[in-house]
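Residue-level listing of the chains:
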Amino acid sequence: MILTTFVPAARMRLRYFTMAVVAIVAAAFPPAPAAQGPGAAARAAAPAVPFRLMEATIRETQAALTAGTITSEQLAQMYLARIEAYDKRGPAINAVIRLNPNAVAEARALDTERRARGPRGPLHGIPLLLKDNFDTADMPTAAASISLATSIPPDDAFMVRRLRDAGALFLGKTNMSEFAWTLTTGSSLGGQTLNPYDLTRNPGGSSGGTGAAIAANFAVFGTGTDTCGSIRIPASHNSLVGLRATQGLLSRDGIVPLALSQDMGGPMARSVEDIAIALDGVAGVDPHDPATIASAAHTPATYTAFLKTGRLRGARIGLLLDAVVPDQTDPDVAGVVASAEAELRRLGAEVVKVTIPDYAVISNFSLITREFKANLEAYLRATPAAPAKTLQAILDTGTVHPGARSLFDQALQFPSTDTGDYRQRVAASAVFRSAIVNALDDNRLDALLYPTMRQKPVAVPLTSQPGSNCRVSAHSGLPAISVPAGFTPDGIPVGIEFLGREYSEGDLLALAYSWEQATHHRRPPVTTPDLDVDWSYAIADGAANVRIDPDGRRFRLTVPDADTHVYLDPSMRIEEGVVRGEFEDDRWRVGYEIPIARSAGGGGTRRADTATVRAVDLQSGRAYELHGTAVPQ
């Protein structure tokens, strides 16, 4: 059963219970030092593991770390270099609100531990970014508000502690809608975050800083919070995967609250697999959040066990027509959703059109303004370093972002949850949840389906964003996962959501993974490309081009409509004036023989022989072969 009321634990670590820039030069880096300690000999004998920073998954990154292709320290430097180049300069995405000043030193310590004892698990040394409402004992947690800019919590949030214990590396905090209120990610402390796919638009909210940062490859993955769509909406607007878990699966301990009955933290990533791995890392019973106690019987050994393709064949998916309202849906978004429905059918799913009786009425409630004041003030009282202790005191600072002002004005009218109106709203949640479960059961459905957002992101600096379907999951407490469904003709990402029964995260991950692996809709934004390096040679044939740096063992191939990104290829070697190498990952299989220009004496340079580069795009099956001459750069 999903809990909607809570009883304080004996020790009130759950502080919100109230219901009773580093400049980094992107220079060449040397090969990682040889691994020492347990398993070093086996790793030394293992095949070379290539690595590309752009779009790297947790599994790919961990494999490269284990093989010694790269270190966590180098990873930290590379991601910090991207943040330096693109967050406050260049396109100025403005997604990162605060960097961890100890990130490189902490990465170095994790490398030392890896060499001595091996990795703790799949998250060891993996860089991530935290939304600025997750408590960290070593950095301020401000909910992106100037009023709390100096507030350092007494300890880590439960999920932060779980990630830290797993060996994850925190690069910093991301901007958010101030106090997580709006869907556009503007704040008094962080300013306005931009959508990397269209710099004139917002990235979604309230976790838009994390959404924009992960889309722009500022870290491997990140965290967000979702009170009504604040993980899933920025996931949709940034071509990401975002999961809102069953209410009660994940602890809310140490997250600056908006409304406890609907608050839910969770991972945001570029792939379904990364969501599953991160979910393993953060899930667990927290004695200081009694809502998680019931999750013990519903948490698998690993969510990655559900990552199997073909799950859509024979699945019954209910297209929720109540959430696809023609006169409230942008035509371009509607086109992507229609294409997704057709794709599901081609993949073997049976798509059933479903409506819920009285949907508009029974879904139309929220607990946010009724809970915010009491919840936030309890959190502030339990945070000694918080400069303000009441909602009114924060408002009196005169610093609150205009987008959050309406929340404050409404919340001040509801100082207590001990009212008949509030109890009716809590009861409405159970009614709505029952109606959704009935729709799933009566139609024998594996999941409901609907667009995460019916409208494109509005232009900045607007703070009102229409078109959200957040309430289906947030008001029922049922889990939902948003996955990329494609792009509008003007290049705006669109996401669709699969929603299931309580504690059906594994089944939803299976559907989402099957969808992702069959469609490959995710693509990175063009505004934040690879940071190119000082290439030694370039080869071109008029359609494709290759650049190599033998000293740094780096390689890049660009062909029509595709890019391998910058690869670190440990197999690259020079033999009698010919650069040779081969690598393969989830996307590309590449082999090359590149004679390089050599000195002919007397100050001249003798032309090199013809280079050959062969590549296969493993997603599309297309093969490419390039012939040309390596030209010194």
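Residues numbered from 1 in each chain as written. Predicted model: local features only at pLDDT ≥ 70, side-chain atom pairs only at ≥ 80, totals over all residues. Heavy atoms only, no water.

1. Topic: the overall build of the chain
Of regular secondary structure, the chain possesses 16 helices and 27 strands. Across the 633 residues in the chain, those meeting the buried criterion constitute 62%. Put simply, the chain shows about 22400 Å² of open surface, and 54% of that area lies on carbon and sulfur atoms. Charged side chains in the chain number 60 positive and 66 negative. The centres of these two groups are separated by 1 Å. (Helix = DSSP H or I, 4+ residues; strand = E, 2+ residues; numbered from the N terminus. Buried < 20%, exposed > 50% of the residue type's maximum accessible area, 1.4 Å probe, protein only. Areas by Shrake-Rupley, 256 points an atom, 1.4 Å probe, with all protein chains shown as cover. Lys, Arg positive; Asp, Glu negative; His and termini not counted. Charge placed at Lys NZ, Arg CZ, Asp CG, Glu CD.)

2. Side note on the nonpolar core
Judged by nonpolar contacts, the single largest core of 94 residues is most densely connected at F221 and F498. Examining the composition of this core, we find that eight residues originate from one element, helix α3 (residues 72-86), more than from any other. Judged by nonpolar contacts, the second largest core, of 26 residues, contains A143, A144, F179 and I394. (Core = buried A, V, L, I, M, F, W, Y, C linked by side-chain atoms within 4.5 Å.)

3. Regarding the state of the cysteines
Applying the stated criterion across every chain yields a total of one disulfide. Between the sulfur atoms of C228 and its disulfide mate C470 the distance is 2.0 Å. As the torsion about the S-S bond is roughly 80 degrees, the C228-C470 disulfide counts as right-handed. Here C228, found in the loop between β7 (221-225) and α7 (232-237), pairs with C470, found in the loop between β12 (447-451) and α15 (471-474); they are 242 residues apart in sequence, far enough to count as distant. Looking at C228, the relative accessible area reads 15%, which means it is buried. The class of C470 is buried, set by a relative accessible area of 11%. (Disulfide = S-S within 2.5 Å.)

4. As for the pairing of strand β26 (residues 623-628)
Covered by surrounding structure in β26 are Y624, L626 and G628 only, the residues A623, E625 and H627 on the alternate face being uncovered. Pairing between strand β25 (residues 611-617) and β26: six bridges, direction antiparallel. The residue of β26 that forms the bridge with V616 is A623. Counted along the chain from β25 to the antiparallel partner β26, the turn is five residues long, and its residue G621 has a positive phi close to 85 degrees. (Pairing = 2+ DSSP bridges.)

5. Description of the pairing of β25
For a regular strand, side chains alternate in direction, first toward one face of the sheet and then toward the other. Burial of β25 is extensive: five of the seven residues sit out of reach of the surface. Here strand β22 (residues 588-595) pairs with β25 via six bridges, running antiparallel. What sits directly across from W588, in β25, is D617.

6. Re the sheet that holds strand β21 (residues 578-584)
Reading across the sheet, the five strands line up as β20-β21-β22-β25-β26 and stay open at both edges, with antiparallel pairing between neighbours. Every other strand in the sheet has two partners, leaving β20 (573-575) and β26 as the edge strands with one partner each. Mean inter-strand twist for the sheet, computed between neighbouring axes without regard to direction, equals 15 degrees. (Axes fitted to C-alpha atoms, helices over the stretch in contact; angles between N-to-C directions.)

7. A short note on the packing of helix α11 (residues 368-381) against helix α13 (residues 402-411)
Axis separation between α11 and α13 bottoms out at 8 Å; the angle between their running directions is 85 degrees. By the angle between their directions, the pair α11 and α13 is classed as roughly perpendicular. Between α11 and α13, the contacting residues are I368, T369, F372 and K373 on the first element and L407, F408, Q410 and A411 on the second. For the contact of α11 with α13, the residue count by class is five nonpolar, two polar and one charged. (Parallel < 35°, antiparallel > 145°, perpendicular 65-115°, else oblique. Contact = heavy atoms within 4.5 Å. Nonpolar A, V, L, I, M, F, W, Y, C, P; charged D, E, K, R; others polar.)

8. Some details on unusual backbone geometry
Cis peptide bonds are those with omega within 30 degrees of zero, and the linkage from G205 to S206 qualifies with 5 degrees. When you line up the elements, S206 lands in the loop between β6 (191-192) and α6 (208-215). The step from V460 to P461 runs through a cis peptide bond, and the omega angle for that step is 10 degrees. Of note in this structure, A92 is not a glycine but carries a positive phi near 50 degrees. Tracing the backbone through its elements, the reader meets A92 in the loop between α3 and β2 (96-99). In this structure, T185 takes a positive phi of about 60 degrees despite not being glycine.

9. Things to note about helix α2 (residues 58-67)
In an α-helix, one turn spans 3.6 residues; hence positions three or four apart end up facing the same way. Among all positions in α2, only I58, E60, T61, Q62, A64 and L65 are buried. If you follow the buried residues of α2, they end up packed against β1 (51-52), α3, α4 (103-117), β7 and α8 (272-282). Positive phi appears at G68, one or two residues downstream of α2, with a value of about 85 degrees.

10. Some details on the packing of α3 against α4
With their axes 7 Å apart at the nearest point, α3 and α4 run at an angle of 155 degrees to one another. Relative to α4, the element α3 lies roughly antiparallel. Residues S72, E73, A76, Q77 and L80 of α3 form the contact with α4, whose participating residues are V104, A107, R108 and D111. Across the contact of α3 with α4, the residue classes break down as four nonpolar, two polar and three charged.

11. Here's the deal with the side chain of T210
For T210, the position within the fold is in helix α6. Among the polar contacts listed, one links the side chain of T210 to the backbone oxygen of T223, at a separation of 2.8 Å. Beyond its immediate stretch of four places on either side in the chain, T210 contacts K131, T174, N175, G222, T223 and M268. (Polar contact = N/O pair within 3.5 Å; in protein donor to acceptor, adjacent residues only side chain to side chain.)

12. Looking at the sheet that holds β12
Taken in spatial order, the 11 strands make up an open sheet running β2-β4-β3-β7-β9-β8-β13-β14-β12-β10-β11, and their pairing is mixed. If you trace the sheet from one side to the other, it starts and ends with β2 and β11 (350-354), each paired once. On average, each strand axis in the sheet is tilted by 30 degrees relative to the strand beside it, whichever way the strands run. Running over the sheet, helix α9 (residues 331-346) touches β10 (316-320), β11, β12, β13 (480-487) and β14 (493-499) and is turned about 105 degrees from β13.

13. Describing α8
Most of α8 sits out of view: 10 of its 11 residues are buried. Residues of α8 that are buried include every one of V272, E273, D274, I275, A276, I277, A278, L279, G281 and V282, and no others.

14. Brief notes about the environment of D198
Turning to its location among the elements, D198 is positioned in the loop between β6 and α6. Put simply, D198 and A562 are 364 residues apart on the chain and 20 Å apart in space, counted from C-alpha to C-alpha. Here T200 takes part through its side chain, which lies 2.7 Å from a polar atom of the side chain of D198.

15. Things to note about the pattern of salt bridges
What the rule picks out here adds up to 44 salt bridges. When the shortest N-O distance is used, the salt bridge between D289 and R252 registers 2.5 Å. Linking D289 in the loop between α8 and β10 with R252 in the loop between β8 (241-244) and β9 (265-269), this pair joins segments that are 37 residues apart in sequence. The same class applies to D289 as to R252, namely buried. (Salt bridge = Lys/Arg side-chain N within 4 Å of Asp/Glu carboxyl O.)

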